[in-house]
Amino acid sequence: MHIDKALDVIDYDFEGKVLKPIFIELDGYNIAKAVSCKYFNVDIINVKEEFKDKPNNSFIIFTTIEGEGKLIYDRDYEIKMGDSFLIPASLGEFKIKGNLTLLKTTA
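Cut-off values and rules
Residues numbered from 1 in each chain as written. Predicted model: local features only at pLDDT ≥ 70, side-chain atom pairs only at ≥ 80, totals over all residues. Heavy atoms only, no water. Helix = DSSP H or I, 4+ residues; strand = E, 2+ residues; numbered from the N terminus. Rg over C-alpha atoms; globule rule 2.2 N^0.38 Å. Buried < 20%, exposed > 50% of the residue type's maximum accessible area, 1.4 Å probe, protein only. Contact = heavy atoms within 4.5 Å. Areas by Shrake-Rupley, 256 points an atom, 1.4 Å probe, with all protein chains shown as cover. Lys, Arg positive; Asp, Glu negative; His and termini not counted. Charge placed at Lys NZ, Arg CZ, Asp CG, Glu CD. Salt bridge = Lys/Arg side-chain N within 4 Å of Asp/Glu carboxyl O. Polar contact = N/O pair within 3.5 Å; in protein donor to acceptor, adjacent residues only side chain to side chain. Phe/Tyr/Trp six-rings, centres within 6.5 Å; stacked < 30°, edge-to-face > 60°.

Caption draft 1: View of the overall build of the protein chain. Looking only at helices and strands, one finds one helix and eight strands in the protein chain. Helices and strands in the protein chain line up, N terminus first, as α-β-β-β-β-β-β-β-β. The globule rule puts the C-alpha radius of gyration for 107 residues at 13 Å, and the 17 Å found for the protein chain is more than 25% above it. Each of the three principal axes of the protein chain carries a C-alpha extent, and together these read 55 × 30 × 25 Å. Counting the 107 residues in the protein chain, one finds 30% classified as buried. Within the protein chain, residue pairs in contact and separated by at least 24 positions form 54% of the contacts whose partners lie at least 6 positions apart. With an accessible surface of roughly 8,000 Å², the protein chain has 55% of that area assigned to carbon and sulfur atoms. The average position of the 14 basic charges and that of the 18 acidic charges among the side chains of the protein chain differ by 5 Å.

Right under this line is the structure:
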């Protein structure tokens with residue numbers, strides 16, 4: 001436990017800002033950037049009807065924070081609030097249908 005070393009590197013003058021996401025309306029859903037850095041991105045997606053996507057040379061992690069729906073690829077997979085699921089980089093195009101809010105994390 002290096003508590004003294006940890007305290008030495010804290011920036012007590014740092015002031016964070018809470019920004020309200022700006023949603024872009026698309027056909028069947030809306031999306032907003034929540035976090036973006038050189039290591040990962042997190043988007044908020046409100047699926048109203050259908051959301052189509054495919055991995056872009058990396059996996060995708062979804063976390064359902066509200067509602068329920070279905071992941072559709074080779075068959076239907078039920079999605080409910082609290083579920084997290086990983087889409088492999090090799091999966092190809094998939095759909096998410098329903099009325100739900102997701103966090104989409106990509107590398």
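The structure having been displayed, the exposition proceeds.
Caption draft 2: Geometry of the pattern of salt bridges. With the rule as written, the count across this model stands at seven salt bridges. For E50, the salt bridge is made with K52, and the minimal N-O distance between the two is 3.9 Å. Residue classification places E50 among the partly exposed positions, given a relative accessible area of 22%. D53 is paired through a salt bridge with K104; the nearest N and O atoms lie 2.6 Å apart. Within this pair, whereas D53 is found in strand β4 (residues 50–53), its partner K104 is found in strand β8 (residues 94–106), the two being separated by 51 residues in sequence. Relative accessible area serves as the criterion here: at 15%, D53 is assigned to the buried category. Residue K104 is classed as buried on the basis of its relative accessible area of 12%. A single network of salt bridges, built from pairs that share partners, joins E50, K52 and K97.

Caption draft 3: Focus on the side chain of T64. Within the secondary structure, T64 is located in strand β5 (residues 60–72). Once residues within four sequence positions are removed from consideration, T64 is found in contact with I79, K80, M81, G82, D83, F85, L100, T101 and L102.

Caption draft 4: Just the side chain of S58, in detail. Structurally, S58 is set in the loop between β4 and β5. According to the relative accessible area criterion, S58 is buried, its value standing at 17%.

Caption draft 5: Representation of the environment of K97 in the model. For K97, the location among the structural elements is in strand β8. Here the alpha-carbon distance between K97 and G69, two residues 28 residues apart in the chain, equals 5.5 Å. K97 has contacts with E49, E50, G69, K70 and I72, leaving out every residue within four places of it along the chain. Within the structure, K97 has its side chain in polar contact with the side chain of E50 (distance 3.4 Å).

Caption draft 6: Examining the packing of aromatic side chains more closely. A full pass over the atoms with the stated rule returns four aromatic pairs. Within the aromatic cluster, the residues linked to one another by ring pairs are Y29, F51, F62, F85 and F94.

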